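Spelled out, the chains give:
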Amino acid sequence: VQLQASGGGLVQAGGSLSLSCAASGITFSLYAVGWYRQAPGKQRELVATITRSGGTNYADSVKGRFTCSRDNAKNTVYLQMNSLKPEDTAVYYCNAEWSSYNKNYWGQGTKVTVSS
């Protein structure tokens, strides 16, 4: 099983990035997926979640700026990040969970840096 997060990079404040989380070795459609981030010196925090059926929830800090979506045919979940702020700077991780069977997998993280 592998989750591959990608799409991070350096962007100016106000800019946009689109992250992808591609899964292999699992039937991604069976999993809820969460995007987390961890800034230097801070704890990992939940940014957004998307259920198996596509329902989404967002942290207050990103609501209205970030959009999470999924394409189960491509085994991929996306995080579109708009109006980025310097405080969005972090390593972003994706997590896939199938709670009924206690399955939980993490991706390796992709770094997002927002300059002011």
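Refer to the structure presented above.
Residues numbered from 1 in each chain as written. Predicted model: local features only at pLDDT ≥ 70, side-chain atom pairs only at ≥ 80, totals over all residues. Heavy atoms only, no water.

Colleague: How do you make sense of the sheet that holds strand β8 (residues 76-81) when you look at a structure like this?
Modeller: In any sheet, the strands associate via hydrogen bonds between backbone groups, in a parallel or an antiparallel arrangement. Reading across from one edge, β1-β3-β8-β7 is the order of the 4 strands in this open sheet, with antiparallel pairing throughout. Unpaired on one side and paired on the other, β1 (2-6) and β7 (66-71) mark the two borders of the sheet. Strand after strand, the sheet turns through a mean of 15° between neighbouring axes, direction not considered. Across 6 bridges, β7 lies against β8 in antiparallel orientation. Residue pairing for β8: Asp-71 is matched across the bridge by Thr-76. (Pairing = 2+ DSSP bridges. Helix = DSSP H or I, 4+ residues; strand = E, 2+ residues; numbered from the N terminus. Axes fitted to C-alpha atoms, helices over the stretch in contact; angles between N-to-C directions.)

Colleague: Is there a simple way to explain unusual backbone geometry in this structure?
Modeller: Phi is mostly negative for residues that are not glycine, and the peptide bonds are mostly trans. Positive phi, close to 55°, is recorded for Asn-75, a residue that is not glycine. You will see that Ser-83, though not glycine, has its phi angle at about 50°, which is positive. For Ser-83, a relative accessible area of 41% gives the class partly exposed. (Buried < 20%, exposed > 50% of the residue type's maximum accessible area, 1.4 Å probe, protein only.)

Colleague: It is not clear to me how the pairing of β1 should be interpreted in this structure. Could you clarify?
Modeller: On a regular strand, each side chain points to the face opposite its neighbour's, so the side chains alternate between the two faces of the sheet. Of the two faces of β1, only one is covered, namely that formed by Leu-3 and Ala-5; the face formed by Gln-2, Gln-4 and Ser-6 stays uncovered. As judged from the 5 bridges shared by β1 and strand β3 (residues 17-24), these two strands associate in the antiparallel manner. For Leu-3, the partnering residue across the bridge sits in β3 and is Ala-23.

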